[in-house]
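Read off the chains here:
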Amino acid sequence: MSARATGAAAGPRIFSGVEPTGHLTLGNYLGAMRRWVEVDQHRGDALFCVVDLHALTVEHDPARVRRLSRQAATLMLAMGLDPERCTVFVQSHVDEHARLSYLMECTATDGEMRRMLQYREKDAERAGRGGSVRLSLLTYPALRAADILAYGTQEVPVGADQAQQVELTRELAVRFNQRYGEVFVVPRATYPEAAARVRGKSGQGRMSGGVCLLDEPEVVRMKVMRAVMEGGSGAVEYERGERPGVADLLEVLAAFSGGEPERLAEGYASYGALQSDVAEAVVEGLRPVRERHAALAANREYVDAVLRAGAERARGLARPRVDAAYRAVGLMA
Ligand code: TRP
């Protein structure tokens, strides 16, 4: 029987999530998710969540969000998250997220929310177009803090691009506890080991952001071969600042084949040779995930049952703490 099922899960409480706003990319996988599979689910009591409520913060198509949510959950299992070891679930199946989010809105200030990069970027785009953004995009960090704090989370394994968001969650937890009493655990972000570090979302537009986990091999090859290589025809070198495109390829190669990007660079006389090796490494590296995804996608009942059980367990964990938070702020809960 699994550690979780016996209730004997040792190690830290871990929570992370992925948004079903687009197809999951190689950057999502190498930037954070692979570590969930290889490290986090073995180290502690881990919960992994498809954060579908967050997908409603931008213009969305209902059918697409539903489809991408199922796909993300299926992919998480296909990558190797084992429902016997960790809890996989969908955010909207557990009311406590939205319930606690309101208290977080009553803890945070509008200035803090406006400083978040995600909001500033979208807000700047909007200003350019003369359009508007949804209010939930501004309040998103409150929901995100709720996701994490509802579970007494100690560690949040994320991509390096998410540091600012976890920092705000920490501040809100500390502030809440100081004002109302110790209800929340103050979490910390954890990041993949350097060897597996590949830019996550900030790599978008680069190869690792452009390759989707379910792309067919020919599509993967085409995207890798088209990856932009700044720096003309010079030597292949690992220079994150000067040549992010080449660095991205070397990091992806290192993530799949082992080794250090700096050293791998020495083995290449041309970009073309690097590109074709990366293309093959990615195609082979993703093959098992794609194949398992296909098998799981054909077995909807199984995936649904996993998500139902996951939501039930998550609810049971979150409910008492969210109730305690409601009481602490003066509600008659
Ligand atoms: N913001 C994350 C992303 O952009 C998703 C997310 C939502 C998340 N809530 C979270 C990640 C809580 C970790 C913990 O992908």
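### Here we look at the packing of helix 1 (residues 26–43) against helix 10 (residues 244–257)
For the pair helix 1 and helix 10, interaxial distance at closest approach is 12 Å and the crossing angle is 55 degrees. Relative to helix 10, the element helix 1 lies oblique. Crossing geometry of helix 1 relative to helix 10 is assigned as left-handed. Here Leu 26, Tyr 29, Leu 30 and Arg 34 of helix 1 come into contact with helix 10, specifically with Val 252, Ala 255 and Phe 256. Class assignment for the residues of the contact of helix 1 with helix 10 results in 6 nonpolar, no polar and 1 charged.

### Quick notes on helix 9 (residues 217–225)
Residues that lie three or four places apart on an α-helix share one face, since the helix turns once every 3.6 residues. Where helix 9 is concerned, the buried positions are Pro 217, Val 220 and Val 224. One side of helix 9 holds all its buried residues, which, seen down the axis, span an arc of 60 degrees. On its buried face, helix 9 sits against helix 8 (207–210), helix 10 and helix 12 (271–297).

### A closer look at the nonpolar core
By size, the foremost hydrophobic cluster in this structure holds 52 residues, and its most contacted members are Met 76, Met 207, Leu 274 and Val 278. The element best represented in this core is helix 12, accounting for 10 residues. Counting residues domain by domain, this core receives three or more from each of domain 1 (13–195 + 300–328) and domain 2 (199–293).

### A few points about the side chain of His 97
Relative to the helices and strands, His 97 resides in helix 3 (residues 96–105). What makes His 97 buried here is its relative accessible area of 0%. At 2.8 Å, the side chain of His 97 forms a polar contact with the side chain of Asp 147. For His 97, the residues in contact, after removing those within four places along its chain, are Phe 15, Cys 49, Phe 89, Gln 91, Leu 143, Ala 146, Asp 147 and Tyr 151.

### Concerning the pairing of strand 3 (residues 87–90)
A regular strand carries its side chains on alternate faces of the sheet. Of the two faces of strand 3, the one lined by Thr 87 and Phe 89 and the one lined by Val 88 and Val 90 are each fully buried. Pairing of strand 2 (residues 45–50) with strand 3, which is carried by 4 bridges, proceeds in the parallel orientation. Across the sheet, the residue bridging to Val 50 is Val 90, located in strand 3. This β-α-β element, strand 2 to helix 2 (residues 62–79) to strand 3, shows right-handed connectivity.

### Here we look at the environment of Ser 69
Among the structural elements, Ser 69 can be located in helix 2. Judged by relative accessible area, which is 9%, Ser 69 ranks as buried. Spatially, the C-alpha atom of Ser 69 lies 20 Å from that of Glu 216, the residues being 147 residues apart in sequence. Beyond its immediate sequence surroundings of up to four residues, Ser 69 is in contact with Pro 20, Val 50 and Asp 52.

### A word on the domain arrangement of the chain
Accessible area lost upon the coming together of the parts serves often as the stated size of an interface. Entries for the chain in the domain assignment read domain 1 (13–195 + 300–328) and domain 2 (199–293). The centre of domain 1, based on its C-alpha atoms, is set 28 Å off from the matching centre of domain 2. With 17 residues of domain 1 in contact, the opposing surface of domain 2 contributes 20 residues. Between domain 1 and domain 2, roughly 1700 Å² of surface is buried when both sides are summed, and carbon and sulfur atoms account for 65% of that area. Remark: the boundary between domain 1 and domain 2 carries 0 salt bridges. Counting every contact that joins domain 1 to domain 2 gives 6 residue pairs in polar contact (both at pLDDT 80 or more).

### Re the confidence of the model for the chain
Chain-level pLDDT for the chain is 91 on average; 92% of the residues reach the 70-or-more range. Scored below 50 in pLDDT, residues 1–8 shows 11 contacts in the model against residues more than four places distant or in partner chains. Here residues 200–205 is modelled with pLDDT under 50, and outside its nearest four sequence neighbours on either side it reaches 8 contacts, counting other chains as well.

### Describing the pattern of salt bridges
What the rule picks out here adds up to 21 salt bridges. Arg 175 is paired through a salt bridge with Glu 112; the nearest N and O atoms lie 2.4 Å apart. Of this pair, Arg 175 sits in helix 7 (residues 163–180) while Glu 112 sits in helix 4 (residues 110–114), and the two are 63 residues apart along the sequence. With respect to class, Arg 175 is no different from Glu 112; both count as buried.

### Topic: the packing of aromatic side chains
Under the defined criterion, the tally for this structure stands at 6 aromatic pairs. These aromatic residues form a ring-pair network of at least three members: Phe 15, Phe 89 and Tyr 151. Taking NZ or CZ as reference, Arg 34 lies 5.9 Å from the ring centre of Phe 256, over its face. The lysine or arginine in question, Arg 99, covers the ring of Tyr 326, its NZ or CZ lying 4.4 Å from the ring centre.

### Topic: the environment of Met 76
Secondary-structure assignment places Met 76 in helix 2. Separated by 26 residues in sequence, Met 76 and Val 50 have C-alpha atoms that sit 9.1 Å apart. Contacts of Met 76, omitting those with residues within four sequence positions, involve Val 18, Met 33, Trp 36, Phe 48, Cys 49, Val 50, Leu 81 and Val 88.

Scoring rules and cut-offs
Residues numbered from 1 in each chain as written. Predicted model: local features only at pLDDT ≥ 70, side-chain atom pairs only at ≥ 80, totals over all residues. Heavy atoms only, no water. Axes fitted to C-alpha atoms, helices over the stretch in contact; angles between N-to-C directions. Helix = DSSP H or I, 4+ residues; strand = E, 2+ residues; numbered from the N terminus. Parallel < 35°, antiparallel > 145°, perpendicular 65-115°, else oblique. Left-handed = near helix turned anticlockwise from the far one by under 90°. Contact = heavy atoms within 4.5 Å. Nonpolar A, V, L, I, M, F, W, Y, C, P; charged D, E, K, R; others polar. Buried < 20%, exposed > 50% of the residue type's maximum accessible area, 1.4 Å probe, protein only. Arc of directions from axis to C-beta. Core = buried A, V, L, I, M, F, W, Y, C linked by side-chain atoms within 4.5 Å. Domains from an automatic or database assignment. Polar contact = N/O pair within 3.5 Å; in protein donor to acceptor, adjacent residues only side chain to side chain. Pairing = 2+ DSSP bridges. Right-handed = clockwise from strand over helix to strand, strands pointing away. Buried area = accessible area lost by both parts, 1.4 Å probe. Salt bridge = Lys/Arg side-chain N within 4 Å of Asp/Glu carboxyl O. pLDDT = per-residue confidence, 0-100. Phe/Tyr/Trp six-rings, centres within 6.5 Å; stacked < 30°, edge-to-face > 60°. Lys NZ or Arg CZ within 6 Å of the ring centre and 35° of its normal.

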